Structure formats: C-alpha cells, structure tokens
Amino acid sequence: MSAALQLDPRTNDRGGPAQPLLIVENLKKYFPVRGGLLNRQVATVQAVDDVSFFVRKGETLGIVGESGCGKSTTARLLMRLMTPDAGAIIFDGDPVGERRGISVNDMRRQMQMVFQDSYTSLNPRMTMAESIAYAPRMHGLAKKQAIARADDLLARVGLNPALHARRYPHEMSGGQRQRVNIARALALEPRMVILDEAVAALDKSVEAQVLNLLSDLKQSLSLTYLFISHDLNVVEYMSDRVMVMYLGRVVETGPVESIYRHPRHPYTRALFASKPTLDPDRRTHDMPLTGDPPNPINPPSGCRFRTRCAFAQAICAEKPPALAEPLSGDADPTHLVACHLPAAQSPLNASAGAYAHA
Amino acid sequence: MPDGTMMPPPATDPVLRVEDLTVRFVRRNVDVPAVNGVEFALRAGETLTILGESGSGKSVSLKAMMGLLPAYARISGKIWLNGQDILSLPPAALSKLRGGAVSMIFQEPMAALDPVYTIGEQIAETIVQHEGCDNKTAMKRALGLLEMVKIPSAERRLKNYPHEMSGGMRQRAMIALALACKPAVLLADEPTTALDVTVQIQILLLLRQLQQELGMAIIFVTHDVGAAAEISDRIAVMYAGRFVETGTTRQVMKAPSHPYTQGLLHSTVHGGMRGQPLQTIPGTPPNLAALPLGCAFAPRCRYVQEACRGGDIPVIMKPDGAMARCVRASAMVEA
C-alpha cells in the first residue's frame with residue numbers, strides 16, 4: 001500500500017515475530033433475557049463462555065460452528081463492538097483497554113472487520129470512495145489524500161476507481177460491495193482483519209473470486225486473518241489453524257490438517273460427516289446427528305454436546321471438559337480437544353456412525 | 001420452441017411437463033426477461049434440481065408453476081400438470097391446485113408460516129380447505145404428518161407457534177404442511193440454504209425418504225452444488241433464464257460440458273484444495289434487462305468464439321442423453 005498514510009507509527013511489529021498477534025483469555029459474554037411483568041431478567045444466554053485462543057502473526061485462524069455457537073459474538077467482542085463480561089484481549093503483547101496496554105481505538109486501527117451483509121454494512125448515502133475514506137478522514141488525513149487513498153484501495157480490491165468510486169451501494173452487485181467492504185477494512189492499514197462470514201452471502205462464482213482476493217491481499221500486505229464461517233470447506237481452504245465452537249465453548253482446536261484428517265471431538269466428527277460429499281456416488285445415508293443445536297439459554301450442564309453425543313457418560317453431565325491434549329492415540333500436541341472420554345476421541349471411532357440417538 | 005431442451009422422454013408419462021416457459025417482468029420503463037424458454041418433463045418419484053446463481057431465474061420458474069407471480073409478470077408457454085395446463089386455469093381452480101396437487105416449501109419457514117396460528121391449525125386449515133373434512137379429522141391428520149416428518153413429541157408441537165420452534169423444526173413443519181394433501185409435485189425453493197450443516201443433511205435425507213414413501217416428484221431449486229449432489233436424479237443448470245446444461249446428477253457433476261457448469265464446479269470450494277488458487281469465473285452474472293445477443297455467458301466464457309456472440313446457440317444432445325446449450329459442445333460431440 002502507498003505510504004500516504006502513517007496514522008500510527010506503532011503499527012510496526014512491536015512484540016517481535018514470536019509474540020502472537022492476538023491472545024484471548026477466558027473471554028465471556030452472557031446476555032440477559034428479560035421478560036415477565038416487571039421486565040426482570042428471567043434467563044441468560046451464555047453466548048461466549050470461557051473462550052481462550054491465540055492467533056500467530058501472519059496466520060489465518062478459522063472459527064467454525066453452527067448458529068448460536070458464539071463465533072460472531074466472539075468477533076464482536078474482539079472489536080469491542082460489545083463489552084466482554086470477563087476476559088482479556090492482548091494485541092501484540094498489549095492488553096486492550098487497560099492502562100498498561102493500548103486503548104480500544106488504537107487496537108481498532110490495527111484490527112478491522114468485514115461483515116456478512118455487504119449491503120447493510122455500507123452507508124447507503126455515501127459513495128464507495130466516501131465510505132472507504134471515512135475512517136482515514138476521522139483519523140486526521142486530509143480529504144484529498146483520503147480520497148486518493150480510497151481510489152488506490154479500490155484498485156487493489158479489483159474495482160476500477162474511475163467507474164466505481166462515485167457509486168452508491170445500491171448501484172453495485174453483492175460481490176462488488178463486499179470488495180468495497182474489504183477495501184474499507186484495509187483503509188487504516190490494519191495488521192489483522194476479522195472476516196465474519198464475509199463470503200457467505202455471495203454466489204459461488206463470486207465467492208471464489210473474493211477468496212482469491214483475500215489470499216492475495218494477505219500475502220501482499222502481510223495480514224493476519226480471523227476467518228469465521230459456517231462453511232467447512234471454505235474454512236479448510238483458508239485457514240492454517242482451526243477452532244471449532246459449540247454453544248459458546250471451544251470444543252476442539254489445532255492445525256487445519258490435523259483437525260480435518262483426524263477430528264477428535266464427537267461433535268467435530270459429526271459436523272464433518274454432515275458435509276455434503278459433492279459426489280452423487282457417495283451420498284450420505286446415515287444422519288450424523290439428530291435434532292438442532294440446543295438453545296443457548298439453557299445449555300446442558302457439563303459438556304454442552306452431551307445431549308446429542310452417542311458416547312455420553314455420567315461424567316459428561318458433571319463437569320465441563322477442559323481443552324487438553326487428546327486422551328487416546330498419538331496426536332499433534334498442538335491439537336486440543338475438550339472431551340472427557342478417551343473412547344469418544346479415538347480416531348478408530350471416526351466412521352463408527354454411532355452418533356444417531358433417537 | 002421445441003428445441004431439444006427437453007429431457008429425454010421418460011418411461012412413464014410425466015406428471016409435469018413444461019414447454020417453452022418464458023417470464024418477463026414488464027413495467028413502465030423496464031422489460032426484464034427473467035425466464036427465456038425453459039422446457040422439461042418430470043416423472044413421479046423423480047427429483048430435478050435447478051442449479052443456478054442469484055438472478056438466474058430459478059425461483060421465478062418455480063413461482064410461475066405455482067401461479068405466484070405478480071400481475072406485471074408476462075408468462076407464456078405451457079405448464080402441463082397431469083394433462084392440465086396450469087397457465088390457462090381460472091384463479092379459483094388455481095388456488096385449489098396450490099397446496100393440493102402442487103405445493104411449495106421455501107427458504108425461510110419463519111416467513112412462510114403464519115406467526116399467529118399454531119402449526120397444527122395451519123396444517124388442519126389446509127386439509128379442511130382442500131378436502132372439506134371436519135376440523136377434528138384434519139387435526140388428527142396433522143398429527144400424523146408431524147410424525148411423518150419426524151418431529152419429536154409431535155402431539156405437543158401441534159400446539160406450538162412457529163416462533164416456539166427451532167429452525168430445523170420449523171422447516172420440518174413446513175414440509176408437513178406442504179405434504180398435507182399428498183401433492184403430485186413438490187416445489188422446493190432453497191429449503192436447506194438457511195440451515196446449519198448438521199440440520200441441512202437431516203432435511204435432505206428426510207426429503208429423499210419422504211419421496212420414496214409418497215412417490216411425489218420434486219423440483220429442488222438451489223445454488224448449492226453440495227445439496228444438489230445429495231438429492232437430485234437430474235440437474236438442470238440455469239443461467240440468465242435458460243437451462244444451459246441438463247443431465248443426470250452424475251453426468252452434470254462428473255462430466256460437465258458447458259463452460260459455465262465447469263466454472264461453477266471449479267469455483268466451489270471442496271476438501272483438499274488448500275494452497276491452490278481457486279479457478280474462478282471472471283465477471284459477474286449478467287444484467288437480465290440487457291442480455292447480450294447469442295450466448296448470455298459469452299462475456300465471461302474462456303472459450304468464447306465468434307459464433308457465440310450472435311444468433312441462436314445450438315442445443316446439443318449428447319449420446320448419453322445430457323444436453324448442453326453451447327457452440328463448443330457441438331464440436332466436442334462431433335470430435
């Protein structure tokens with residue numbers, strides 16, 4: 001990117017290459033559910049419960065899970081679009097929002113986000129160039145320079161500035177709008193970009209274009225991605241490491257090859273087994289799981305997956321399993337799984353088809 | 001325009017035969033040709049998937065078959081359902097048909113179900129309307145239907161409002177509602193798109209199983225190649241209001257001959273593609289109001305040649321029964 005913008009001299013590598021760019025510790029967010037006569041709190045949604053992870057510099061961490069698993073809430077907590085109830089976020093060694101660390105604003109300069117809905121995330125009354133130039137302007141860049149920068153970014157994401165800079169969101173296609181959203185996220189020269197279902201709403205042919213664009217940008221701008229998606233194939237394609245979430249908790253995390261080739265958690269395995277095969281000769285015949293994910297308002301005690309797990313034992317209801325090295329088989333030590341039962345984690349059970357319980 | 005787009009003649013009489021269906025949305029200044037000559041035939045117990053991206057005309061085709069298009073839609077062609085032309089039916093006969101011989105399920109069950117009536121009431125209402133039985137019998141039938149779509153504790157769920165159910169459960173309830181009067185043809189408009197993967201596969205398996213039990217024909221509209229591979233007997237790939245390729249699921253998925261189908265399959269991310277750049281289709285789907293002459297895909301096609309840009313594009317029937325609407329496919333067959 002051009003050197004036109006040096007908003008924050010600290011955007012260089014502060015912690016050194018070994019310092020993870022992002023460390024998240026015991027992040028927690030409960031939403032109150034109000035109701036009844038006096039609008040009292042009647043329940044809590046445990047949207048994100050004790051989630052810890054890290055993202056290394058230059059890597060892509062994929063977060064995968066079904067609706068209600070807390071993946072989007074996690075993203076919003078990281079950006080401080082919501083305030084966490086508990087937990088620490090450490091950006092390149094600096095705790096965010098603490099006196100000895102960096103402010104939320106400083107963090108946001110270095111960490112930006114792209115949302116799923118390309119239309120609602122753009123201001124309908126601003127042209128593309130204005131939307132992209134908005135943040136640099138707010139951070140003190142002169143208007144002319146900011147617009148020049150927007151043109152530069154439009155070209156970078158594969159749009160023609162002469163053609164698209166003055167257009168409004170309704171004049172663009174979904175794929176083009178998502179490119180603009182990516183350009184806008186890059187306007188402050190961030191080091192990390194959170195992509196929350198950024199390609200989910202796009203047609204397949206356009207999705208592939210945007211995925212290629214994201215890979216190119218990551219390479220040329222040395223970005224770090226947090227890639228959130230429900231699409232298992234896309235997460236595998238984009239990520240270096242993967243984190244699987246279920247009802248607000250992390251159930252499994254590790255390098256992408258290890259997770260996809262040897263999934264340990266019964267939920268992860270069921271998730272992969274639910275993936276359409278794309279091969280009419282090898283159609284799915286057994287339901288990997290029955291029912292929907294439970295309501296996060298009253299999650300099951302202990303292991304939250306136990307109500308749908310074929311292996312569940314008494315211990316699963318008693319206490320939540322910690323994220324730890326797998327109990328059976330030799331595994332990659334960086335591959336962690338939250339499950340009490342060695343039998344359930346055994347790779348030999350991978351195709352046991354024993355998940356269905358009526 | 002009997003130009004061979006039709007699928008090969010089925011062994012038994014088709015329940016549904018669509019001939020040269022065109023739909024144009026005409027308003028003061030715009031004339032948008034959304035469907036441009038769709039032809040196919042569908043037998044009982046068969047599943048045809050219409051695969052296409054947004055704006056390809058797949059949902060509009062379905063809505064035409066249900067008579068659900070707005071007044072400014074100009075529809076022509078013939079839609080024969082059990083020997084009766086739907087498009088020439090008076091409104092009263094059409095509404096008897098809807099939910100009777102033809103019914104439809106939608107992407108968003110929350111929007112398709114009525115929020116102020118219980119699931120049981122909605123299913124019973126349909127049955128009473130179409131079959132004229134009393135409410136009590138209809139309720140009993142509704143219970144049986146909920147059990148058929150495998151809703152647990154069906155008796156209790158009968159009294160639930162749509163908002164009291166989970167997404168997968170609502171989709172099952174909508175399927176039960178659609179099947180209430182044993183339709184000959186079920187139209188499914190992206191019914192699994194809004195669902196989680198683990199629920200999506202359950203619904204696909206359920207539809208497959210119900211079809212075997214009830215013998216209905218299904219038209220399944222989707223943009224998801226994975227869902228298409230799981231459910232269809234045949235696939236029709238739609239682009240800019242036309243079927244550009246049709247064939248059995250195996251033919252289309254394993255040996256696609258239209259460049260658009262090839263591009264669509266290549267740009268669909270599947271397992272084991274890490275590290276390779278995705279082959280994409282350049283450009284964006286065409287503006288229907290300004291379709292190019294000749295092949296609508298030509299501006300994005302890597303094999304484009306002079307013959308693609310004007311005149312009628314030949315429809316090539318391959319020896320194995322698959323069809324492709326492409327200049328290049330003819331060369332491939334001759335070669």
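Just so you know, these numbers come straight off a predicted model, no measurement behind them.

Looking at the pairing of strand β3 (residues 47–51) of chain B
Residues and elements named next belong to chain B. For β3, the tally of buried residues reaches five of five residues, placing the bulk of the element in the interior. Burial along β3 is two-sided: T47, T49 and L51 facing one way and L48 and I50 facing the other are all buried. Relative to strand β8 (residues 217–222), β3 is paired through five bridges, and the arrangement is parallel. Its bridge partner being in β8, T49 is matched across the sheet by F220. Examined bridge by bridge, β3 and strand β9 (residues 234–239) share four bridges and lie parallel to one another.

Some words on the confidence of the model for chain A
All names here are of chain A. For chain A, per-residue confidence averages 89 on the pLDDT scale, and residues scoring 70 or more make up 92% of the total. Note on residues 1–10: pLDDT is under 50 here. Beyond four places in sequence and across chains, it has 16 contacts. Within the model, the stretch residues 350–358 combines pLDDT values under 50 with 14 contacts to residues more than four positions away or in other chains.

Re the domain arrangement of chain A
Residue and element names in this part refer to chain A. Taken domain by domain, chain A comprises domain 1 (9–127 + 173–239) and domain 2 (264–351). Computed over C-alpha atoms, the centres of domain 1 and domain 2 are 26 Å apart. If you look at the interface, domain 1 gives eight residues, while domain 2 gives seven residues. If one sorts the elements of the side of domain 1 that touches domain 2 by residue count, strand β2 (residues 40–55) sits on top with four residues. Among the residues forming the side of domain 1 that touches domain 2, the class breakdown is five nonpolar, two polar and one charged.

Quick notes on the confidence of the model for chain B
Should the pLDDT be low somewhere, the predicted coordinates at that spot are not to be read in detail. Residue and element names in this part refer to chain B. Here chain B averages 90 in pLDDT, and 95% of its residues register 70 or above. Here residues 1–6 is a poorly scored stretch, pLDDT under 50, and it has 13 contacts once near neighbours within four places are set aside; other chains count. If you check the scores for this complex, the pTM reads 0.88 and the ipTM reads 0.84.

Quick notes on the environment of T193 of chain B
Residue and element names in this part refer to chain B. For T193, the location among the structural elements is in the loop between β7 (185–189) and α8 (197–214). C-alpha separation for the pair T193 and V128, spaced 65 residues apart in sequence, amounts to 31 Å. Residues contacting T193, with those up to four places away along its chain left out, are Q107, T222 and D224.

Quick look at the sheet that holds strand β4 (residues 86–91) of chain A
All names here are of chain A. The four strands are arranged β2-β1-β4-β5 in an open sheet whose pairing can be described as antiparallel. Taken across any chain shown, the strands that pair with only one partner, and hence form the sheet edges, are β2 and β5 (94–95). Sheet analysis places strand β1 (residues 22–35) next to β2, joined by 12 bridges and oriented antiparallel. Residue pairing for β2: G35 is matched across the bridge by R40.

Digging into the environment of Q251 of chain B
All names here are of chain B. Considering the arrangement of structural elements, one finds Q251 in helix α10 (residues 249–254). As a C-alpha pair, Q251 and L214 span 37 residues in sequence and 27 Å in three-dimensional space. Residues in contact with Q251, not counting those within four places in the same chain, are D320 and A322.

Here's the deal with the nonpolar core
Ranked by internal contacts, the top residues of the largest apolar core, which has 196 residues, are L226 of chain A together with A176, V185, I219 and V237 of chain B. A per-element tally of this core places helix α7 (residues 167–178) of chain B first, with seven residues. Contacts of V185 of chain B, omitting those with residues within four sequence positions, involve V15, L16, L42, L81, A101, V102, M216, A217 and I219 of chain B.

Side note on the sheet that holds strand β4 (residues 73–81) of chain B
All names here are of chain B. Ordered by their spatial adjacency, four strands build an open sheet running β2-β1-β4-β5, and the pairing between neighbours is antiparallel. The two strands at the open ends of the sheet, each matched to only one other strand, are β2 (31–42) and β5 (84–85). Across eight bridges, strand β1 (residues 16–26) lies against β4 in antiparallel orientation. By the bridge assignment, V23 is partnered in β4 with I75. Against the sheet, helix α1 (residues 58–66) engages β1, β2 and β4, with an angle of about 70 degrees to β2.

Quick notes on the rules
Residues numbered from 1 in each chain as written. Chains lettered and ligands numbered in written order. Predicted model: local features only at pLDDT ≥ 70, side-chain atom pairs only at ≥ 80, totals over all residues. Buried ≥ 20, exposed ≤ 12 C-beta atoms within 10 Å, placed from the backbone. Helix = DSSP H or I, 4+ residues; strand = E, 2+ residues; numbered from the N terminus. Pairing = 2+ DSSP bridges. pLDDT = per-residue confidence, 0-100. Contact = placed C-beta atoms within 7 Å. Domains from an automatic or database assignment. Nonpolar A, V, L, I, M, F, W, Y, C, P; charged D, E, K, R; others polar. Core = buried A, V, L, I, M, F, W, Y, C linked by C-beta atoms within 7 Å. Axes fitted to C-alpha atoms, helices over the stretch in contact; angles between N-to-C directions.

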